[in-house]
Each structure stands twice: as C-alpha cells, then as structure tokens.
Amino acid sequence: MSEEVTAAEGANKRLDIKKLLKSVLAFKSSDLHLVVGSEPQIRIDKELRALNLPVLSATDVEEMAYSLIEDKQKKDFEEHNELDFSFELKDIGRFRANYYRTIHGIGCAFRMIPIDVPTLDEYGNPPIFKELIKREKGLILVTGPTGSGKSTTLASMLHEINMTERRHIITIEDPVEFVHKNIKSLFSQRDVGSNTASFAAALKYSLRQDPDIILIGEMRDAETIGAALTAAETGHLVFGTLHTNSAPGTINRIIDVFAGEEQAQIRAQLASSLVAVVSQTLIPRIGSGKVATQEILITNPAIQNQIREDKVHQIYSQMQLNQQETYMTTQTQQLIELLQKNVISKENAIKNSNRPEELLKMIEGL
C-alpha cells in the first residue's frame, strides 16, 4: 500500500469530518488523526497512512472538532484542554474521541467502535472464556497496551452473558464505548464525567444498585482498585482493565499502587478474589490485518498462595505447568504457535514479545 490513501468521496478535496470518519470504515482502519500541519491520517494494521487531502490548518481542525460536540463539552475542553467522549453518526458508525491541545492548535484522535458487539466466537477467543464468565463472583482483568483490543474482548464477554444469563450489568467507562442492547440481561451504562463524577464514586454507589456484574473501564488508582476488590469479594463478578503487558506483571502493578503497610491486605484480597488475568497484544498478520495473542492466567490454590506470600515472581513458572488441565498459556507459547502457522513474522513476534530472550531460544530450538 502506498503511503498516501485516497479518501472516499475525496475528489472535491472538501474537508468534512463525516466524510473523513466514513473513510475509517471504507479502509477498515482503526483510527483517524487530525493534527495541524499534516494531512488527515488513518491507522491501518498499526501503521499511519496519510489521506490524499490538503494539509490541515488550525481553523480546519477547530471547525471539524467543534462540529461534533455540544456547548457544555466545548466549555469543558476550553477549560481543561483535554476531552474524552464517544458518539455515534447515523449510517457511519460509533467512535471514541479524544481532543487535546498542541502548540499549533487542537489535535483530535478518533477510534472506530463496532456498533454490533462481537461474540466470543467471532473473535476466536478460547473456550475457557465462556467458563470464566459463568462465575458468580470474583475479579477478571483484561490487560494490555493502548489499542490492544481490551475493550472488544470485554464487550464480547459481556455480550455472551447478555445472550445466556439474566443479570444486571453496570458498566462504568470513560467514555462508554460499546453500547449493549438488553437481550436477556439488563444493562446500566454510565459515562464518567457525564453520568458520574468518578470511577470510585460510581463503584461506591453501584453496590446499592443491585448489580450482578460490574465493568470498570479502567482501574486507575488505589481508591478504584480497592473498591473493585471489595465488590469482587462481596458477591459480584467484576471486570476491569489495566495497562500492563503480562499477567504476572498485572498482579505486581495492583499491589504496587498501594502503600507498603497496605500491601499485605491487598495481597490477601487479591488472592481470594482474582479469577483470571488475560494479557492481550495485537500483532500485524503477514499480508494484512491483526491477530491477538492472549496470555492467560487462571488462579488456583498454588497461585493464590504465591500472591498471598509475596512470591509473584514464581507465578510465570506455575502458569507453564499442567496446561491441559489449567487452560493457562503464556504469550511466548502463543507467539511460537503463530510463527509455526506462518501467521506473523519473526520480526513482529520479537518486537511484541514480553520475553524476547525466551522467545529467541524457543525459535532456535524449533
């Protein structure tokens, strides 16, 4: 593919935000970027591609940005210089947006969100996911870097519950991404900033709203993580996300958020409430498209003891034992499998590996 992409309906070169967002769909890309001094650019298979359109001026970007928001949002952006929100355009799609200010003017990033929530099977998720979501209580975490598909995996899990169980599901997000229709379950979706003051506040009051399941869009601070652990301990199934690159690393991150004198209690809570950690990465396929690798940790008595006794460094070895019975897997194993099937390149496997030295040794041993 050339570095420039001709925008759909772009022959007249008119800058129209709806046409630009439509081009995200047309090229099956994930993101649209508007930055002063550059042509509009879209992301395809992790790479940015410039649309064949004029270079954007500060006025161009401001006019397009403000055409999508209300006066209250405009006031909020002008006060804080940051704005997160989501929106839907008829016949085009649903988007998550972030506005920010640069030295040259407003910058905008738009992420495409499918209107139809994908099923677990459509995304090729392992069968164990359908067993995990049947739990009555506990904490299930989906982690990974930005753009790794965490929101899609969580939405697929909730959609599976929605099709099979009669539950009250509360989602707390910033902003709300996938909009769920009530099939068997009842959804209460809350947007931080618009519908509630904070994740922590929404979590506190959610326990009085008779939830069966709570989704926390991002576990950012000690107050939110503490409330999530309490909810998971008190009979609720809690889903959450963290920006971590491995399953054992996720456990360390949670513990490290708290002060030293609190960590023993947090380890005990985590040991008793953690159900699973899915650490996800998207890697470019050979040819085109992306494929997910999912490192899966599922707690058992041995892992619970390692968390409680501050021996998290031993968990990775535990994940490699009796995998036919535990359904656990490491990222390295998934990368090797994808390499053997010629799905991804060696270069991309090493670039995206959490343990490149281990991966290289296994590649040499093939």
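Please read all numbers here as calculations on a predicted model, not as lab measurements.

Rules behind the numbers
- Residues numbered from 1 in each chain as written.
- Predicted model: local features only at pLDDT ≥ 70, side-chain atom pairs only at ≥ 80, totals over all residues.
- Heavy atoms only, no water.
- Pairing = 2+ DSSP bridges.
- Helix = DSSP H or I, 4+ residues; strand = E, 2+ residues; numbered from the N terminus.
- pLDDT = per-residue confidence, 0-100.
- Contact = heavy atoms within 4.5 Å.
- Salt bridge = Lys/Arg side-chain N within 4 Å of Asp/Glu carboxyl O.
- Buried < 20%, exposed > 50% of the residue type's maximum accessible area, 1.4 Å probe, protein only.
- Phe/Tyr/Trp six-rings, centres within 6.5 Å; stacked < 30°, edge-to-face > 60°.
- Axes fitted to C-alpha atoms, helices over the stretch in contact; angles between N-to-C directions.

Caption draft 1: Main features of the pairing of strand β2 (residues 31–34). Sheet analysis places β2 next to strand β3 (residues 41–44), joined by three bridges and oriented antiparallel. Each bridged residue has a counterpart across the sheet, and for Leu32 the counterpart in β3 is Ile42. What sits between β2 and β3 in their antiparallel hairpin is a turn of six residues, with Gly37 showing a positive phi close to 90°. Two elements, β2 and strand β7 (residues 105–113), share four bridges in a ladder whose sense is antiparallel. Bridging from a neighbouring strand, Asp31 pairs with Arg111 of β7.

Caption draft 2: Structural view of the confidence of the model for the protein chain. Considering every residue of the protein chain, the mean pLDDT works out to 93; 96% of them sit at 70 or more. Across residues 8–13, where pLDDT falls below 50, the model places ten contacts with residues more than four positions away in sequence or in other chains.

Caption draft 3: Region of the structure containing the environment of Tyr316. With respect to the helices and strands, Tyr316 occurs in helix α11 (residues 315–319). Sequence separation between Tyr316 and Gln334 is 18 residues, and the spatial gap between their C-alpha atoms is 14 Å. When sequence neighbours within four positions are dropped, the list of residues in contact with Tyr316 reads Pro248, Glu295, Thr330, Thr332, Arg355 and Glu358.

Caption draft 4: Seen up close, the pattern of salt bridges. Scanning all chains against the criterion turns up twelve salt bridges. Glu218 is the partner of Arg220 in a salt bridge, and the nearest nitrogen-oxygen pair spans 3.5 Å. On the basis of relative accessible area, Arg220 is assigned to the partly exposed category, the value being 45%. Connected via shared salt-bridge partners are Asp174, Glu218 and Arg220.

Caption draft 5: Spotlight on the packing of aromatic side chains. A complete count under the given rule lists six aromatic pairs for this structure. Each ring, one from Phe77 and one from Tyr99, has its centre 6.0 Å from the other, and the planes form 80°; the classification is edge-to-face. Note that Phe77 is positioned in helix α3 (residues 71–80) and Tyr99 in strand β6 (residues 93–102), a separation of 22 residues in sequence. There is no split in this pair, since Phe77 and Tyr99 are both buried. Between the aromatic rings of Phe87 and Phe110, the centroid separation amounts to 6.1 Å while the plane-to-plane angle is 85°, which identifies the pairing as edge-to-face.

Caption draft 6: How the structure looks around the sheet that holds strand β12 (residues 237–242). As summarised here, the arrangement of the seven strands in space is β10-β9-β11-β12-β8-β13-β14, forming an open sheet in which the pairing is mixed. Lying at the two open borders of the sheet, with one neighbouring strand each, are β10 (186–191) and β14 (290–298). Averaged over all pairs of adjacent strands, the angle between their axes in this sheet comes to 15°, without regard to strand direction. Contacting β8 (138–143), β9 (168–173), β10, β11 (213–216), β12, β13 (274–284) and β14, helix α5 (residues 150–164) crosses the sheet at an angle of about 165° to β12. In the packing of helix α9 (residues 263–273) onto the sheet, contacts are made with β8 and β13, and the angle to β13 comes to roughly 80°.

Caption draft 7: Structural view of unusual backbone geometry. Residue Pro175 is reached from Asp174 by a cis peptide bond, and omega for that bond is -5°. Tracing the backbone through its elements, the reader meets Pro175 in the loop between β9 and β10. Phi is positive for Lys28, close to 55°, though the residue is something other than glycine. When you line up the elements, Lys28 lands in the loop between α1 (17–26) and β2. Unlike most non-glycine residues, Asp310 shows phi in positive territory, near 60°. With respect to the element layout, Asp310 can be found in the loop between α10 (301–308) and α11. A relative accessible area of 45% places Asp310 in the partly exposed class.

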